[in-house]
Amino acid sequence: MKAMILAAGRGERMRPLTDDCPKPLLKVRGRPLIVWHILNLVRAGITDIVINHSHLGHMIEDALGDGSQFGAQIRYSPEPVPLETAGGIAQARHLLGEEPFLAISGDIYCPYFDFEQVKDVLHDKDMWGNPYPKDKRDAAWIWLTKNPWHNPKGDFALNMYTVANEGETLWNFGNIGVYRAEMFDGIAPGQRAGLGKLLRQYADLGQVGGELYEGDWVNVGTVDQLNELNGVKAAAGSSAP
C-alpha cells in the first residue's frame, strides 16, 4: 500500500512560525510533525510515500530528501497553488496508482496510531468470497476521533462501521483515511477540491466505512497547541483549552 501525506497547507493560524517554516516541519518533542508519520508508516511496512507541498515546499524536500534516511521512498507532488485535500490527491494520482491508498494530513500529531490497521479495511469480496458490486463496496474507510475544542459539533455519525452524514452523535473526522483511487476520477489535475464534500457524497451512498480512534490525536492548529505539546505553558488568552 502507498501512503500520501498532505502537506500543502499554508498554516495561517500558526503564523509567524509558518512564515519561514512549512507547518509539517514544525517540531513536537524534537521531531517534525511529518517525520512522526513517516517513521510510523515505515514501522508498519508502508514505505512508498507521496508528499504534496506548496508553501515553502522546497524546505520539505530538503529536509526529507528521497526518504532513504527513514527507510522509505518519498516522491513529491508540488502545487504552485494549493489545491486543497481532494485536489491535491487528484494531482498526485499518477504517483499513487490505481490501488487503495492511505492519506493523512501532515499537520496532525498521533504518535501511537498503528498504521498496520489500514492495510485491510477496504474489501472487494464478502465473507463467502463473492465479489461486491462496485456500487455497493466501500469507497473509503476513515478514522474518526472525539470532538476537539475547535470542532465541538463533529462531522460524521458512525453506525457500527458505516459512516453517515447525520446521526444522534457526530464525531470529528481525524484526517486519516484509506481511499479507492476511483473516488477522485471526477477531479481534474490542477482543480481545487475539498475532501469533506467528496466524503459526504459517498456517505450518502452508504459507501464510507470507518471506526473511532481513541488514542492521542491533535490537529495542531495554533502556536499555543504546539507549545502545549512541547511542554511550554500556553500564553494568556489562548483559544485552546
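Summary of the structure given here. (Residues numbered from 1 in each chain as written. Predicted model: local features only at pLDDT ≥ 70, side-chain atom pairs only at ≥ 80, totals over all residues. Heavy atoms only, no water.)

### What about the environment of isoleucine 49?
- Assignment of secondary structure puts isoleucine 49 in strand 4 (residues 48-53).
- Sequence-wise, isoleucine 49 and phenylalanine 101 are 52 residues apart; in three dimensions their C-alpha atoms are separated by 9.9 Å.
- Those residues in contact with isoleucine 49 that sit more than four places away from it in its chain are Ala3, Ile5, Ile38, Leu41, Ala72, Gln73, Ile74 and Arg75. (Helix = DSSP H or I, 4+ residues; strand = E, 2+ residues; numbered from the N terminus. Contact = heavy atoms within 4.5 Å.)

### Regarding the nonpolar core
- Counting residues in each nonpolar core, the largest one holds 42 residues, and the members touching the most others are Ile34, Ile38, Ile51, Leu64, Phe115, Trp143 and Ile176.
- For this core, the element with the highest residue contribution is helix 1 (residues 33-43), accounting for six residues.
- Ignoring any residue separated from it by four or fewer positions in sequence, one finds isoleucine 176 in contact with Leu102, Ala103, Ile104, Ile108, Cys110, Phe113, Trp141, Ile142, Trp143 and Trp217.
- Residues Phe101, Tyr179, Ala193 and Leu199 belong to the second largest nonpolar core, which totals 30 residues. (Core = buried A, V, L, I, M, F, W, Y, C linked by side-chain atoms within 4.5 Å. Buried < 20%, exposed > 50% of the residue type's maximum accessible area, 1.4 Å probe, protein only.)

### Re unusual backbone geometry
- Backbone geometry at arginine 29 places phi at a positive 55°, although glycine is not the residue there.
- Of note, arginine 29 is situated in the loop between strand 2 (27-28) and strand 3 (31-32).

### Comments concerning the packing of aromatic side chains
- Throughout the structure, instances matching the rule amount to nine aromatic pairs.
- A centroid spacing of 5.5 Å and a plane angle of 85° characterise the contact between tryptophan 36 and tyrosine 109, whose relative ring orientation is edge-to-face. Taken together, the residues tryptophan 36 in helix 1 and tyrosine 109 in strand 7 (residues 108-109) connect sequence positions 73 residues apart. Each member of the pair, tryptophan 36 together with tyrosine 109, is buried.
- Aromatic side chains phenylalanine 113 and tyrosine 213 sit 5.0 Å apart centroid to centroid with 65° between the ring planes, which places their arrangement in the edge-to-face category. Taken together, the residues phenylalanine 113 in the loop between strand 7 and strand 8 (140-145) and tyrosine 213 in the loop between strand 12 (208-212) and strand 13 (218-219) connect sequence positions 100 residues apart. With respect to burial, phenylalanine 113 and tyrosine 213 carry one shared label: buried.
- In this structure, arginine 31 is placed above the aromatic ring of tryptophan 36, and the distance from its NZ or CZ to the ring centre is 4.3 Å. (Phe/Tyr/Trp six-rings, centres within 6.5 Å; stacked < 30°, edge-to-face > 60°. Lys NZ or Arg CZ within 6 Å of the ring centre and 35° of its normal.)

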